[in-house]
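Single-letter residue listing:
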Amino acid sequence: MKLLEVKDLRTYFKTTKGYVKAVDGVTFSLDHGECLGLVGESGCGKTTTALSITRLLPKGGEVMGGKIFLEGTDYATLTEKEIEDHRWEDVSIIFQGAMNAFNPVKKVGWQIAEAIIRHKGATKQEAWKRAGELFELVGIPAERVTQYPHEFSGGMKQRAMIAMALACDPKLIIGDEPTTALDVMIQAQILELLEELRKKLNMGMILITHDLSILGETCDKIAVMYAGKIVEMGTVDHIFNHPVHPYTKSLIACFPNIESEERKIPEGIPGYPPNLIDPPEGCRFCPRCGLAEGRCSSEEPEFLEIEPGHFAACHFAGKEGGTDV
Amino acid sequence: MKGKKLLIVILAMMMVFTFTACGGGGGGADEEVIFNIATTNGEDSLSFFNAESAKVEDWMHLMYDSLLEFDENYNAVPHVATSWENEGNDWTFHLRDDVFFSDGEKLTSEDVKYTYEVGVDSYLYSIYTERIESIECPDETTVVFHCADAKPDMLYQSMPIIPKHIWEAQEDPIAWEPEEIVGSGPFIYDPSASGNGVTCFVKNPDYWGDQPKVDTLVFTEYDNAGAMAQAMKIGEVDACYSLEKTQYDDLAGTEGIEVGQFDAWGFEYLGYNMMDELLADKVIRHAIDYCTDVEYIIEMSYGGIADVGYGPVNNAGFEYDPPADVKRGFNIDKANEILDTAGYKDNDGDGIREKDGKPLSFELITASHRSSWQQATVNSLIENCAKAGIEIKWTSMEVATMWDTCYDGNPDWQLNLDGWGGTMDPGFILQLFLDWESGGYATVAYSNPEFDKVYGEVFASTDPAERAKYIEEAQAILYEDCPYTYLCYDKTLQCINSDKWTGYKPYSNGFFGNLSAYNYTHIEPKA
Amino acid sequence: MGKRILKKFFFSCVTIVFVVAFNFFLFRIMPGDVETIIARATTTEAVKQRLIEKAGLHRPLLEQFWIYMKDLLTGDFGEAFNSYDGSSNVLTVIMGRIPNTVILLFCAELFAIIAGLIIGVICAQKRTTKLDTGLLSGSLVLYSMPTFWFAMLLIFLFCATLHIFPTGGIFTPGRHYYGMAKILDYLKHMILPMLCMGILMMGCYAITMRSTMINILTEDYINTAKAKGFSTRYILFHHAIPNAMIPMATIIALNLAAILGGAIQLETLFSWQGLGQLMYDALNRRDYPMLQGCFFISAVAMILANFLTDVLYGFIDPRIRE
């Protein structure tokens, strides 16, 4: 059985102007121990997709349709109370910017221990001991569990966050841009640590980022999202070396190539993402796409498997050519 | 869970509230008869020497006895003194021999002598010791006072007799604040039930006179007049010692409550500083007197419940009513007439009269804490005097500053508004107007040897009719001299719950604070 | 942490010394000659002289100040011009009154804080609903109501109309109670003034708590706690409210000044014989030594309260501890 199977997930936000269709029909799956990278622009729906799994949506957000199977249980049908039990125990999250993810007036060890007490029914002593072990696991001296968040440096705090995320031995960890706020040296350490732990504990991981360089190192699969939909999904090799969707291609081209001979700053993609309250008919990337044709603006392309394990939603998928960006 | 715990705490608190609200009467069977009077004054001393307020004066009558008691017309009736004689300047009092203090010691003439001798240092009672030259005690039940004159006010004495053996034994009797009061009176102070604004007296079971009909007498201090009126209405208190006009009107319309408007000895006045160059001229004082609309002032500043007066004495039967040919009254035309005749003319057309370059412009000083209700008086004076060509400017100042500014012999002020309080003896208040440099307190630098002479006559005879004649003559002199314009005789407002209580008599000066303990000892619950 | 507390304590003491000096000179520059005030309208010269000497006013000003400071250090606050509760010793009278005020204000504050907290949290959670708007408006109305008006309303409602509580005072006059009955009698008299002040202050705390909570509920760590699978109630009590107490502590400290002033009104309205009522009485009679003593005690109480709040911060907010 797969660890996670998401089918046609729709998550909308209710506003006074109408529904914002943040995630509009997303389908993907994940195996135990596999790492999926979710990448795309700000506002494309990658965080919302991941948070929808345990329904951690901000006010106004609601899962409108689709199925979310975690080891066979459809989370989309669970009540709020039931899903509270699954949170952290089955799915935990490493938040972006650990600066504020910790409660400043409570000891860090306590914040780890409380989850263990709640989900594992452990005693206070047992929970705190486990917290100390987790600290060691991520490379922080165990005595520091009695310290407060403000006594940790940025990198240490992120490690502590990882320790906290592991507290209840989750099956799936969602990393929401876990290294964005860190400097490159520490970034490397954290990613290495995550890799190590993932392999050791056989956890599934969804890594959300807009930094393609990270994806290459850590992920098995990559899903590129645009305007609430996955436009292309495949292995690292597929995405980096044989991208099919024009958006994917442009995205990759946005990253400067350190090995290229020219010292050219690449162009961005002109235009803006569409309005998600009233998305355009047809392909959502059409207005900004260099290959756009008549069909593109009226007919939405299907999400098709163009080669084993490689999916794309584009009318030109599978055809030769592409942009020469 | 914490939420539930909080809810329980809140519910528990609510239950405590309800219990305390309904309970609190758990002192066992209360057959005690308690009479509760609401007072408004602040704290005061219980010391014979240091007490200041009228309220405490009443309390002294509860705890101690005096030589005399009084009926509702303020005629002296025997009390500790069974009989008395007067020969020339000597007064002899014969005392009962069955009066005992609460510590068992007998009250003798020695106590009376001691009281009058140390009484000169008492804030409230030194007035009774005036003009007593020496006191003799030929035996235990006889006291002889040798006085400087006939001392007719001997029969208006309300001096509480203190036990010599207790006070003499103190290191500094004057500074002593007794906690337990040893007295011979109908009530005994109960310190255990007093405090926190409550002063409690229990009846003296061994009292030689009429046994009080109530077991406990309680005075409760209310700082909030509105709350006091509410308390009166719902029966939480049985009487109010003094009411404000608003509350009086409110309670007057309530069934079962008897309200009373009572005379208060004393008067309210507008004072003229005779040291001021211009005000030294009687014509100007008369002119301003003509411009004083007392009816309006009484209506606006005194709630319509004060009386008009023409002299300082307002004891019943001794009020001065000027004969028609000298009576002034409110008459602006007459003011203009006498000012014209005296040569005060408005030469520069600014509406203010002058003489020799000095304009008739005067500063009127009032105490700031009375400004809210004296405003109407002042504005009326300003307006009316302006019509007679006299300018009045109003300065309101902190009362302490007013006292400093307006003192005898200080020429730097002109007019002020104030009041004086008197007592039972109709001649008492006249002493204000004695020569200011040797005994007078009028504070306006008043001096008239003729008045001093008549004053002497007032105290030379004990015959009420003769005294009345001299008192009238004295007031006639004052009326002509006009050192004050008399605004009114203010009144005291009190009330009693007549549904529950009976046995009391309204004295002309009040249910309470009338210098007699009669009501306290005779009030009883209606059957 | 100990060093921080010591430093704060030292500064508190310095402040007190300044207050004492200021206090002394303030009353000497009040309008009116002090001698006149003591003597008032006494008729006897002898009595007047005696009173003036008793107050030591014939000495030069600096000498009076020096004696004043010296006496203060030994706890002698001098004698008042009048006597209260059977004594004219300033310290004795004030000490006798303090328990009444402290108990009343403490209970009122406690009520206000708890009630305000609950309302604030409810408002923050049900933000933008009618309940929130209603409670917020209600809190604003309560906060702006004048004390005397509200007190009279309470008296009218609970005493005159419903006959539940007494109209004023501390104990029922004329009755002797002992033990539990006495405590109940005291409580019965305390409830109305406590509610009066408590309800008015509650408005202030509710509004503060509401905005604090709204801010806190948007913080990331609340999200983290939610992600960990905790219920809303748990998050409120273990994560949100502990953080909310930091600004609340500031507001409570600031309110202490307002309360001491409001206590005068409150105590006078309910004839509650505490420090406030004493001040009102002394003020009416221009009893300067008593007022001096009262103001000093109030100032010390304020400084002490602020000091304690500072210390408390160290416990609520670990970031300050270093």
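Above this text sits the structure in question.
Residues numbered from 1 in each chain as written. Chains lettered and ligands numbered in written order. Predicted model: local features only at pLDDT ≥ 70, side-chain atom pairs only at ≥ 80, totals over all residues. Heavy atoms only, no water.

Helices and strands together make up the secondary structure of chain B, namely 14 helices and 22 strands. For 527 residues, the compact-globule estimate of 2.2 N^0.38 gives 24 Å, and chain B sits close to it at 27 Å. Expressed along its principal axes, the backbone C-alpha trace of chain B runs to roughly 85 × 80 × 45 Å. By residue count, 55% of the 527 residues in chain B fall in the buried class. Sequence-distant contacts in chain B: of pairs separated by 6 or more residues, those separated by 24 or more amount to 69%. Of the roughly 20,800 Å² of accessible surface on chain B, a fraction of 50% belongs to carbon and sulfur atoms. Charge separation in chain B, taken as the distance between the mean sites of 33 positive and 93 negative side-chain charges, equals 6 Å. (Helix = DSSP H or I, 4+ residues; strand = E, 2+ residues; numbered from the N terminus. Rg over C-alpha atoms; globule rule 2.2 N^0.38 Å. Buried < 20%, exposed > 50% of the residue type's maximum accessible area, 1.4 Å probe, protein only. Contact = heavy atoms within 4.5 Å. Areas by Shrake-Rupley, 256 points an atom, 1.4 Å probe, with all protein chains shown as cover. Lys, Arg positive; Asp, Glu negative; His and termini not counted. Charge placed at Lys NZ, Arg CZ, Asp CG, Glu CD.)

Now for the overall build of chain A. Within chain A one finds 9 helices and 12 strands. Whereas a compact globule of 325 residues would reach a radius of gyration of roughly 20 Å, chain A reaches 21 Å, a difference of no more than 12%. Referenced to the eigenvectors of the C-alpha coordinate spread, the extents of chain A come out at roughly 65 × 50 × 40 Å. Counting across all 325 residues of chain A, residues that qualify as buried make up 52%. Counted over contacts in chain A with a minimum sequence separation of 6, partners at least 24 positions apart contribute 64%. Distance from the positive charge centre (35 side chains) to the negative charge centre (47 side chains) of chain A: 6 Å.

With that out of the way, let us pick up the layout of surface pockets. In this structure, the second largest pocket occupies an estimated 1,200 Å³ of space. Taken together, 35 residues line the second largest pocket, and the ones lying closest to its centre are Pro-58 and Lys-59 of chain A together with Leu-217, Asn-223 and Lys-226 of chain C. Looking at the lining of the second largest pocket, the elements with two or more residues in it are α1 (46-52) and α2 (80-86) of chain A together with α5 (90-125), α8 (179-217), α9 (220-227) and α10 (232-269) of chain C. The biggest single contributor to the lining of the second largest pocket is α9 of chain C, with 5 residues. Partitioning the lining of the second largest pocket into residue classes produces 13 nonpolar, 12 polar and 10 charged. (1 Å grid on protein atoms, 1.4 Å probe; cavity = no way out; pocket = protein on both sides within 12 Å on 5 of 7 lines; lining within 4 Å. Points joined across faces, edges and corners; volume = space filled by probe spheres on them. Nonpolar A, V, L, I, M, F, W, Y, C, P; charged D, E, K, R; others polar.)

On the chain A side, the residues contacting the 24 residues of chain C number 24 residues. Roughly 2,100 Å² is buried in total at the junction of chain C and chain A, and carbon and sulfur atoms are behind 56% of that figure. The residue Lys-228 of chain C makes a salt bridge to Glu-114 of chain A at a minimum N-O spacing of 3.0 Å. The interface formed by chain C and chain A includes 11 residue pairs in polar contact (both at pLDDT 80 or more). Of all the secondary structure elements, the ones that give two or more residues to the side of chain C that touches chain A are α9 and α10 of chain C. Of the residues contributing to the side of chain C that touches chain A, the split by class is 8 nonpolar, 8 polar and 8 charged. (Buried area = accessible area lost by both parts, 1.4 Å probe. Salt bridge = Lys/Arg side-chain N within 4 Å of Asp/Glu carboxyl O. Polar contact = N/O pair within 3.5 Å; in protein donor to acceptor, adjacent residues only side chain to side chain.)

Let us look at the sheet that holds strand β11 (residues 304-307) of chain A. Residues and elements named next belong to chain A. Pairing is mixed across the open sheet formed by 8 strands, whose spatial order is β6-β7-β8-β3-β9-β10-β12-β11. Each edge of the sheet is formed by a strand with only one pairing partner; in this case those strands are β6 (91-94) and β11. In this sheet, adjacent strand axes meet at a mean angle of 25 degrees when their direction is disregarded. The pairing of strand β3 (residues 35-39) with strand β9 (residues 221-226) spans 4 bridges and is parallel. Bridge pairing in β9 links Leu-36 to Lys-221. Against the sheet, helix α5 (residues 154-165) makes contact with β6 and β7 (172-176), and its axis sits at roughly 175 degrees relative to β6, the strand it touches most. (Pairing = 2+ DSSP bridges. Axes fitted to C-alpha atoms, helices over the stretch in contact; angles between N-to-C directions.)

With 104 residues, the main nonpolar core has Leu-67, Tyr-116, Phe-145, Phe-433 and Phe-451 of chain B as its most contacted residues. Contacts of Tyr-116 of chain B, omitting those with residues within four sequence positions, involve Leu-67, Tyr-128, Thr-129, Ile-132, Ile-135, Phe-145, Met-154, Gln-157 and Met-159 of chain B. In terms of nonpolar packing, the next biggest core, distinct from the first, is built from 94 residues, Cys-35, Val-39, Val-108 and Val-236 of chain A among them. (Core = buried A, V, L, I, M, F, W, Y, C linked by side-chain atoms within 4.5 Å.)

The next point concerns the side chain of Thr-199 of chain B. Examined against the element boundaries, Thr-199 of chain B turns out to sit in strand β9 (residues 198-203). The buried category is assigned to Thr-199 of chain B, whose relative accessible area is 12%.

As a further point, take the packing of α5 of chain C against helix α11 (residues 275-284) of chain C. Residue and element names in this part refer to chain C. For the pair α5 and α11, the least separation of the axes is 7 Å and the interaxial angle reads 130 degrees. Taken as axis vectors, α5 and α11 run oblique relative to one another. Between α5 and α11, the residues in contact are Val-93, Ile-94, Arg-97, Ile-98 and Thr-101 and Leu-275, Gly-276, Gln-277 and Leu-278, respectively. The class makeup of the residues in the contact of α5 with α11 is 5 nonpolar, 3 polar and 1 charged. (Parallel < 35°, antiparallel > 145°, perpendicular 65-115°, else oblique.)

This part covers helix α8 (residues 294-301) of chain B. All names here are of chain B. Val-294, Ile-297, Ile-298 and Ser-301 are the residues of α8 that are buried. Here the buried residues of α8 occupy an arc of 100 degrees about the axis, which is enough to place them on one side. Residues of α8 that are buried make contact with α10 (371-387) and β19 (484-488). Phi turns positive, to about 65 degrees, at Gly-303, one or two residues after α8. (Arc of directions from axis to C-beta.)

Once that is clear, we can look at the packing of helix α7 (residues 282-290) of chain B against helix α13 (residues 464-481) of chain B. All names here are of chain B. Orientation of α7 relative to α13, taken along the N-to-C sense of each, is 95 degrees, at an axis distance of 9 Å. Classified by the angle between their axes, α7 and α13 sit roughly perpendicular to one another. Residues Lys-282, Arg-285, His-286 and Asp-289 of α7 lie in contact with α13, whose contacting residues are Tyr-479, Glu-480 and Asp-481. Residues of the contact of α7 with α13, tallied by class, amount to 1 nonpolar, 1 polar and 5 charged.

Residues and elements named next belong to chain B. What the 7 strands build is an open sheet, ordered β8-β9-β10-β1-β11-β20-β12; its pairing is mixed. The open sheet is flanked by β8 (187-189) and β12 (257-263), the only strands paired with a single partner. Across 2 bridges, strand β1 (residues 34-39) lies against strand β11 (residues 239-240) in parallel orientation. Bridged to Ile-37 within β11 is Ala-239.

Here the structure, examined in full by the defined rule, presents 53 aromatic pairs over all chains. Ring geometry for Phe-201 of chain B against Phe-219 of chain B: centres 5.9 Å apart, planes inclined by 90 degrees, an arrangement best described as edge-to-face. Of this pair, Phe-201 of chain B sits in strand β9 while Phe-219 of chain B is found in strand β10 (residues 216-221), placing the two residues 18 residues apart along the sequence. Its relative accessible area of 1% is what places Phe-219 of chain B among the buried residues. Between Phe-262 of chain B and Phe-511 of chain B, the ring centres sit 4.9 Å apart and the planes meet at 75 degrees, which makes this aromatic pair edge-to-face. Of this pair, Phe-262 of chain B sits in strand β12 while Phe-511 of chain B sits in the loop between β21 (501-502) and α14 (518-522); the two residues are 249 residues apart in sequence, bridging distant segments of the chain. Of the two residues, Phe-262 of chain B and Phe-511 of chain B, both sit in the buried class. Here a set of aromatic residues connected by ring pairs shows up, and it is made of Phe-35, Trp-59, Tyr-189, Phe-201, Phe-219, Tyr-241, Phe-262, Trp-501, Tyr-504, Phe-511, Phe-512 and Tyr-520 of chain B. In this structure, Arg-144 of chain A packs its charged tip against the face of Phe-152 of chain A, placed 4.5 Å from the ring centre. We note Lys-355 of chain B situated over the ring of Tyr-344 of chain B; from NZ or CZ to the ring centre the distance is 4.9 Å. (Phe/Tyr/Trp six-rings, centres within 6.5 Å; stacked < 30°, edge-to-face > 60°. Lys NZ or Arg CZ within 6 Å of the ring centre and 35° of its normal.)

So, on to α13 of chain B. Residue and element names in this part refer to chain B. Helix length check: α13 (18 residues) gives 25 Å between terminal C-alpha atoms against 26 Å at 1.5 Å per residue, within 8%. Residues of α13 that are buried make contact with α7, α12 (449-458) and β19. Cys-482 occupies a position one or two residues after α13 and carries a positive phi of about 55 degrees. (Expected span 1.5 Å × (residues − 1).)

Structural measurements only, silent on function.
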